[in-house]
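Reading the structure
One letter stands for each residue in the lines below.
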Amino acid sequence: RTPEVRQVAMVDAFGRVAVHTGQKCIPEAGHYTGDGFSCQANLMLKKTVWEAMARAYQTTKGELVDRLLAALEAAEREGGDIRGKQSAAILVVSGKSSGAWWRDRIYDLRVEDHPEPVEELKRLVRLAKAYNHMNRGDELLTENKTREAMKAYTKAMELYPENPEMIFWPAVTMASLGQVDESLPLFKKVFSLDPNWALLLPRLPEVGQFPKDKRLLRKILELAPKK
């Protein structure tokens, strides 16, 4: 109803772009469009923000989520919102529907209130990437593709080594497959990060997620910190 104070942009499935910045949007306000993308902003400190976003988006390698993050970081470097920092969000969906919307949301992340929202969003993206690899490893394991599953698990560990869960499940998989010696350093690291994982391990055999081998369990649990 009041297009002169509104700003909106759309990109369709064919990469066609439509964008509008109303004449009465609070300065600095503007947009920059390119092949299959649009960068727009209002209430910015400087009018160079949207062009900086576009340059970062166009020159950054990697996934779409990496390019979107780069655009947000570029906006902050140019001064960002004149009101300061508070929130940030990213939503990336699959280009082809699977019929299950929750499965098609590759990244659905938001930071509602934080002194450094873009940096926090960047951390969440890294965590989400790690869990994507973990989930892929689980899928491959159910298909009995053990080698491929371990590669996916390893990528998850490399992306977020400070998260014990990223290390625990690969260690469980390795020990279950007879690669006990290789699994022991991983279990030791997990238990040092959080001893509760040593309490969880003995619960797995009863639900079919670890061998019912008391000697194996004892060997692994000896790595847990002594109280």
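The structure under discussion appears in the preceding block.
**Here we look at the packing of helix 1 (residues 49–59) against helix 2 (residues 64–77)**
Packing of helix 1 against helix 2 brings their axes to within 8 Å, and their N-to-C directions diverge by 150 degrees. If you check the angle between helix 1 and helix 2, you find them roughly antiparallel. Seen along the crossing, helix 1 lies across helix 2 with a hand that is right-handed. For the pair helix 1 and helix 2, contact is made by Val49, Ala52, Met53, Ala56, Tyr57 and Gln58 and by Leu64, Arg67, Leu68, Ala70, Ala71, Ala74 and Ala75, respectively. The class makeup of the residues in the contact of helix 1 with helix 2 is eleven nonpolar, one polar and one charged.

**Quick look at the nonpolar core**
The biggest cluster of nonpolar side chains holds 33 residues, and the ones touching the most others in it are Met166, Phe168, Phe187, Phe191, Leu201, Phe210 and Ile220. Of all the elements in the fold, those that place two or more residues in this core are helix 4 (117–142), helix 5 (146–159), helix 6 (164–176), helix 7 (180–193), helix 8 (196–200) and helix 9 (214–221). Among the elements that take part in this core, helix 6 stands out by supplying seven residues, more than any other. Phe168 has contacts with Phe187, Val190, Trp197, Leu200, Leu201 and Leu204, leaving out every residue within four places of it along the chain. In terms of nonpolar packing, the next biggest core, distinct from the first, is built from 13 residues, Ala88, Ile90, Tyr107 and Val125 among them.

**Some details on the packing of helix 2 against helix 4**
Direction vectors running N to C along helix 2 and helix 4 enclose 170 degrees, while the axes themselves pass 10 Å from each other. What the angle tells us is that helix 2 and helix 4 run roughly antiparallel. For the pair helix 2 and helix 4, contact is made by Val65, Asp66, Leu69, Leu72, Glu73 and Glu76 and by Val118, Glu119, Leu121, Lys122, Val125 and Lys129, respectively. Each residue belonging to the contact of helix 2 with helix 4 can be placed in one class, and the counts come to six nonpolar, no polar and six charged.

**Considerations on the packing of aromatic side chains**
Considering all chains together, one arrives at six aromatic pairs under this definition. On the basis of an interplanar angle of 85 degrees and a centroid distance of 5.9 Å, the ring pair of Trp101 and Trp102 is categorised as edge-to-face. Its relative accessible area of 59% is what places Trp101 among the exposed residues. Among the residues examined, Trp102 registers a relative accessible area of 55% and is labelled exposed. Relative to Phe187, the ring of Phe168 has its centre 6.1 Å away and its plane inclined at 80 degrees; by these criteria the two rings are edge-to-face. With Phe168 in helix 6 and Phe187 in helix 7, this pair connects stretches of sequence that are 19 residues apart. An aromatic cluster is built from Phe168, Trp169, Phe187, Phe191 and Trp197, whose rings are joined through pairwise contacts. The aromatic ring of Tyr57 is capped on one face by Arg67, whose charged end is 4.1 Å from the ring centroid.

**Details of the side chain of Asp104**
Inspection of the secondary structure puts Asp104 in helix 3 (residues 101–104). Of the side chains with opposite charge, Arg103 lies nearest to the buried Asp104, which makes no salt bridge, at 6.2 Å. Beyond its immediate sequence surroundings of up to four residues, Asp104 is in contact with Val92, Val93, Ser94, Lys96, Ser97, Ser98 and Gly99.

**As for helix 7**
Taking 1.5 Å of rise per residue, the 14 residues of helix 7 would be expected to cover 20 Å, and the 20 Å separating its terminal C-alpha atoms lies within 8% of that figure. For helix 7, every residue scored as buried is listed here: Val180, Ser183, Leu184, Leu186, Phe187, Val190 and Phe191. Against the buried residues of helix 7 lie helix 5, helix 6, helix 8 and helix 9.

**Considerations on helix 5**
Under the 1.5 Å per step criterion, the end-to-end length of helix 5 is 20 Å for 14 residues, consistent within 8% with the ideal 20 Å. Along helix 5, the residues that are buried comprise Ala149, Met150, Ala152, Tyr153, Ala156 and Met157. Buried positions in helix 5, seen along its axis, are confined to an arc of 160 degrees and lie on one side of it. Facing away from the buried side of helix 5 by more than 90 degrees, the exposed set consists of Arg147, Lys151 and Glu158. Contacts from the buried residues of helix 5 go to helix 4, helix 6 and helix 7.

Reading the values: rules and limits
Residues numbered from 1 in each chain as written. Predicted model: local features only at pLDDT ≥ 70, side-chain atom pairs only at ≥ 80, totals over all residues. Heavy atoms only, no water. Axes fitted to C-alpha atoms, helices over the stretch in contact; angles between N-to-C directions. Helix = DSSP H or I, 4+ residues; strand = E, 2+ residues; numbered from the N terminus. Parallel < 35°, antiparallel > 145°, perpendicular 65-115°, else oblique. Left-handed = near helix turned anticlockwise from the far one by under 90°. Contact = heavy atoms within 4.5 Å. Nonpolar A, V, L, I, M, F, W, Y, C, P; charged D, E, K, R; others polar. Core = buried A, V, L, I, M, F, W, Y, C linked by side-chain atoms within 4.5 Å. Buried < 20%, exposed > 50% of the residue type's maximum accessible area, 1.4 Å probe, protein only. Phe/Tyr/Trp six-rings, centres within 6.5 Å; stacked < 30°, edge-to-face > 60°. Lys NZ or Arg CZ within 6 Å of the ring centre and 35° of its normal. Lys, Arg positive; Asp, Glu negative; His and termini not counted. Salt bridge = Lys/Arg side-chain N within 4 Å of Asp/Glu carboxyl O. Expected span 1.5 Å × (residues − 1). Arc of directions from axis to C-beta.

Note that every value here comes from positions in space, so none of it alone points to a role or purpose.
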